[in-house]
Amino acid sequence: MNQYETSPCSVLLIDDEPFAEDIISHGLKGCPTYTLRFASRPGMAVELAKEVNATVVLVDLRMPEIDGFEVTRRLRADKDTESVPVILLSSEEDPEIKAKAFAVGANDYLVKWPDPRELVARVRYHSDACVARRQRDAAFVSLRLSQEQLDASQSALHQAQKMEAIGHLTGGVAHDFNNVLQIIGGNLQLLKLVGSLNDAGRARVDMALAGVERGAKLSSHLLAFARRQPLQEVVINPGHLLREMDDMMRRVLGPRARVVTEIDHGLGSTLVDPNQLNNVLLNLAINARDAMAGNGTLTIRAVNIGPDEPVPASIAPGHWVLIEVADTGKGMPPDVLERAFEPFFTTKPVGQGTGLGLSMAYGFVKQSGGEIVLKSEAGRGTSVRIYLPRSEAEAMRQEAVVAGPLVGGLETILVVEDEEDVRSSTCGILSALGYRVLEAPDAAAALAIVEGGQSVDLVFTDVIMPGPVSSLQLAEAVRARLPLAEILYTSGYAEGVLAHEGKLEATVNLLQKPYHPDALSARIRHLLRRRHPVPAFGTA
């Protein structure tokens with residue numbers, strides 16, 4: 001291989017004499033990888049050097065309009081050609097002229113017409129240096145980009161690890177908190193139901209129950225962030241949900257705000273827990289209202305995203321349903337945006353927010369197999385984009401369980417609960433509603449009751465209990481011995497038992513702690529009604 005075939009050489013020759021092209025072309029024959037572009041107009045030097053990506057520029061010193069000195073100055077003044085080697089060609093062997101050439105930025109000086117061997121050697125030397133410089137600069141740019149990407153990945157990993165650690169902590173706290181709330185709430189409800197309270201006492205109980213409800217919402221948000229909220233997923237069309245929520249959104253934002261809903265025709269379905277999605281969208285609307293101080297525009301958009309459509313770098317290409325909630329509020333500065341998904345982080349004054357709205361949304365979306373992207377800029381509003389995997393299955397309509405006034409019945413209910421205080425208050429409420437109540441402190445004791453021949457219409461059992469028999473084994477035994485009996489589970493934390501990766505099967509009936517007597521009575525009546533119609537009676 002010829003020693004000059006190391007890299008391509010792009011030569012631009014600027015000379016007012018056309019024969020110069022022939023001479024230089026003949027001289028460069030010993031450099032087989034070169035390309036030569038000739039121009040007789042020196043004013044075009046910079047433009048042509050960019051066009052041919054020149055690695056060497058040969059410039060005649062003496063030209064009528066613009067001389068070689070000026071051409072060199074112009075090449076050096078442009079950021080795209082400032083480092084391209086320039087060789088001045090001159091018929092003058094004058095040290096003073098050479099010194100001036102180097103002073104204006106020339107890299108070399110050749111007296112016309114050089115020996116072909118010298119011409120090739122000089123051109124090749126400067127061209128190789130130019131190519132090497134460009135490769136070095138490209139390597140530095142690539143290295144810098146790689147470092148930036150590495151820094152971003154490390155930051156994302158650190159954030160994910162931090163969120164996971166906080167999730168484990170909050171999930172455990174919420175589980176225990178739910179049992180405490182159930183004991184307090186259950187006894188307060190029982191006191192209200194059978195305690196013959198006067199007006200002042202009833203007001204106090206209602207006030208305490210309102211506190212229990214606030215605690216229950218807080219616990220629910222913590223579990224959602226920790227991705228430990230059991231999800232009852234069904235295939236829905238989110239467009240229907242958004243249309244049903246339209247009036248509620250307008251009431252939440254108030255009369256001065258404007259709500260714009262944009263739902264694509266033919267919006268796809270997704271597998272999701274509709275109640276939890278409803279809660280997430282409602283929380284986002286409340287955040288938007290606060291950010292806009294009740295006056296602005298909230299845009300809710302739902303569209304299909306295909307694998308060929310642009311998505312943020314954190315989103316894998318695929319078939320998604322995108323739900324975007326965007327407001328024209330005050331937005332967030334970068335330091336606030338970085339911490340926005342952290343639980344309990346809020347910029348609102350004390351008493352005006354728990355800081356759990358966005359963290360709940362983050363946990364729910366991740367648990368649902370989706371992605372959430374938050375964009376915000378101070379003074380320019382906030383956009384929350386939720387990407388949920390699109391489903392090819394047909395959307396289903398859920399059978400609603402409406403909690404109304406307390407309703408009881410005459411059936412037999414077996415309550416299985418290891419927390420004695422929870423069991424006592426629950427049995428008291430069910431007894432006050434007229435049910436025949438059996439109770440067991442664990443699944444083994446409940447199994448003994450069932451195997452003893454007791455007639456049971458519904459088993460209301462905690463999910464996680466100590467002892468040799470699990471709640472699932474109890475359920476299997478009940479189905480085998482009492483095929484008509486219904487099973488209703490309850491838990492403050494069901495992951496790993498009923499919920500797999502945080503998701504419940506459609507056949508599982510779960511009432512999460514802390515539960516309200518209204519919800520308990522409605523769920524029990526709903527399940528018992530599926531067996532056969534039994535007369536029920538209301539409780540004032």
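One structure accompanies this document, and this report is about it.

Calculation notes
Residues numbered from 1 in each chain as written. Predicted model: local features only at pLDDT ≥ 70, side-chain atom pairs only at ≥ 80, totals over all residues. Heavy atoms only, no water. Helix = DSSP H or I, 4+ residues; strand = E, 2+ residues; numbered from the N terminus. Buried < 20%, exposed > 50% of the residue type's maximum accessible area, 1.4 Å probe, protein only. Contact = heavy atoms within 4.5 Å. Core = buried A, V, L, I, M, F, W, Y, C linked by side-chain atoms within 4.5 Å. Pairing = 2+ DSSP bridges. Right-handed = clockwise from strand over helix to strand, strands pointing away. Axes fitted to C-alpha atoms, helices over the stretch in contact; angles between N-to-C directions. Patch = residues over 30% accessible without salt bridge, like charges linked within 9 Å, V, L, I, M, F, W, Y side chains within 5 Å. Areas by Shrake-Rupley, 256 points an atom, 1.4 Å probe, with all protein chains shown as cover. Salt bridge = Lys/Arg side-chain N within 4 Å of Asp/Glu carboxyl O. Lys, Arg positive; Asp, Glu negative; His and termini not counted. Charge placed at Lys NZ, Arg CZ, Asp CG, Glu CD. Polar contact = N/O pair within 3.5 Å; in protein donor to acceptor, adjacent residues only side chain to side chain. Phe/Tyr/Trp six-rings, centres within 6.5 Å; stacked < 30°, edge-to-face > 60°. Parallel < 35°, antiparallel > 145°, perpendicular 65-115°, else oblique. Left-handed = near helix turned anticlockwise from the far one by under 90°. Nonpolar A, V, L, I, M, F, W, Y, C, P; charged D, E, K, R; others polar. Expected span 1.5 Å × (residues − 1).

Moving on, we come to the overall build of the chain. Broken down by element type, the chain carries 14 helices and 21 strands. Buried positions account for 47% of the 540 residues belonging to the chain. Partitioning the contacts of the chain with sequence separation of at least 6, the portion at a separation of at least 24 is 73%.

The next subject is the nonpolar core. Membership of the largest hydrophobic core comes to 40 residues, with the highest contact counts inside it found for Leu253, Leu277, Leu281, Leu298, Leu358, Ile372 and Ile386. Considering each element in turn, this core owes the most residues, seven residues, to helix α8 (residues 274-292). Once residues lying within four places of it in the same chain are set aside, the contact partners of Leu298 are Leu253, Arg258, Val259, Val260, Ala285, Ala288, Met292, Val325, Ala326 and Asp327. In this structure, Ala49, Leu61, Leu75 and Leu88 belong to the second largest nonpolar core, which totals 24 residues.

Right, let's talk about the pairing of strand β16 (residues 436-440) for a bit. Sheet topology places strand β15 (residues 412-416) next to β16; five bridges connect them, and they run parallel. Among the inter-strand pairings, Leu414 is bridged to a residue of β16, identified as Leu438. Regarding topology, helix α11 (residues 420-432) serves as the crossover connection from β15 to the parallel β16, and that connection is right-handed.

Our next topic: the sheet that holds strand β5 (residues 108-111). Spatial ordering of the open sheet is given by β2-β1-β3-β4-β5, a layout of five strands whose pairing is parallel. Every other strand in the sheet has two partners, leaving β2 (34-39) and β5 as the edge strands with one partner each. Direction aside, the axes of adjacent strands within the sheet are offset by 20 degrees on average. The pairing of strand β1 (residues 9-14) with strand β3 (residues 56-60) spans four bridges and is parallel.

Here we come to the sheet that holds strand β20 (residues 510-512). Taking strand neighbours across the sheet as the criterion, the five strands line up as β16-β15-β17-β18-β20 in an open arrangement whose pairing is parallel. The sheet terminates laterally at β16 and β20, the two strands that pair on one side only. For this sheet the average axis-to-axis angle between neighbouring strands, irrespective of direction, equals 20 degrees. As paired strands, β15 and strand β17 (residues 458-462) are joined by four bridges and run parallel to one another. Its bridge partner being in β17, Leu414 is matched across the sheet by Val459. In the packing of α11 onto the sheet, contacts are made with β15, β16 and β17, and the angle to β16 comes to roughly 165 degrees.

Before going further, it helps to examine a negative patch on the surface. There is a patch of like negative charges on the surface, built from Asp176, Glu419, Glu420 and Asp421. With respect to the helices and strands, the residue Glu419 is situated in the loop between β15 and α11. For Glu419, a relative accessible area of 31% gives the class partly exposed.

All right, on to the side chain of Ser391 then. Considering the arrangement of structural elements, one finds Ser391 in strand β13 (residues 382-391). A polar side-chain atom of Ser391 sits 3.1 Å from the main-chain amide nitrogen of Ala393. Here Ser391 is in contact with Val235, Ser269, Thr270 and Leu271, once residues within four sequence places are set aside.

Once that is clear, we can look at the pattern of salt bridges. Side-chain pairing between opposite charges can occur once the charged atoms of the two side chains come close. One pass over the full model with this rule turns up 25 salt bridges. Residue Lys112 is joined to Asp15 by a salt bridge in which the shortest nitrogen-to-oxygen separation is 3.6 Å. In this pair, Lys112 is assigned in the loop between β5 and α5 (116-194) and Asp15 in the loop between β1 and α1 (19-27), connecting sequence segments 97 residues apart. A salt bridge links Arg62 to Glu92; its shortest N-O distance comes to 2.8 Å.

Here the focus is the packing of aromatic side chains. If you walk through the whole model with that rule in mind, you get three aromatic pairs. Between Phe19 and Trp113, the ring centres sit 6.4 Å apart and the planes meet at 75 degrees, which makes this aromatic pair edge-to-face. Taken as a pair, Phe19 in helix α1 and Trp113 in the loop between β5 and α5 lie far apart in primary sequence, 94 residues in all. By relative accessible area, Trp113 is classed as partly exposed at 32%.

What follows deals with the packing of helix α7 (residues 238-253) against α8. At their nearest, the axes of α7 and α8 sit 10 Å apart, and the two run at 30 degrees to each other. By the angle class used here, α7 and α8 are roughly parallel. Crossing of α7 over α8 shows right-handed handedness. When α7 is examined against α8, the residues Leu241, Leu242, Met245, Met248, Met249, Val252 and Leu253 are found in contact with a partner set consisting of Pro274, Leu277, Asn278, Leu281, Leu282, Ala285, Ile286, Arg289 and Met292. Of the residues that constitute the contact of α7 with α8, the class distribution is 14 nonpolar, one polar and one charged.

One way to put it is that helix α12 (residues 443-451) packs onto helix α13 (residues 471-481) with a least axis distance of 9 Å and a crossing angle of 5 degrees. Considering their axes alone, α12 and α13 lie roughly parallel with respect to each other. Side by side, α12 and α13 meet where Ala443, Ala446, Leu447, Val450 and Glu451 of the first sit next to Ser471, Leu474, Ala477, Val478 and Arg481 of the second. Taken together, the residues of the contact of α12 with α13 break down into seven nonpolar, one polar and two charged.

This brings us to unusual backbone geometry. Omega for the bond connecting Lys112 with Trp113 falls within 30 degrees of zero, at -20 degrees, which places this linkage in the cis form. Omega for the peptide link from Lys513 to Pro514 comes to -10 degrees, which places this bond in the cis form. Take Pro514: it is sitting in the loop between β20 and α14 (517-531). At Asn53, a residue that is not glycine, the phi angle is positive and equals roughly 50 degrees. Tracing the chain through its elements places Asn53 in the loop between α2 (45-51) and β3.

Here we come to α8. Three- or four-residue spacings in an α-helix give side chains the same orientation, since the helix completes a turn every 3.6 residues. For α8, which comprises 19 residues, the first-to-last C-alpha distance of 27 Å matches the rise-based estimate of 27 Å (1.5 Å per residue) to within 8%. Positive phi shows up at Ala293, right after α8, with a value of about 55 degrees.

This next bit is on the pairing of β17. In terms of residue burial, β17 counts as a mostly covered element, since five of its five residues are buried. On β17, burial covers both faces: Leu458, Phe460 and Asp462 on one face and Val459 and Thr461 on the other are all buried. The pairing of β17 with strand β18 (residues 486-491) spans five bridges and is classified as parallel. Directly across from Val459, in β18, lies its bridge partner Ile487.

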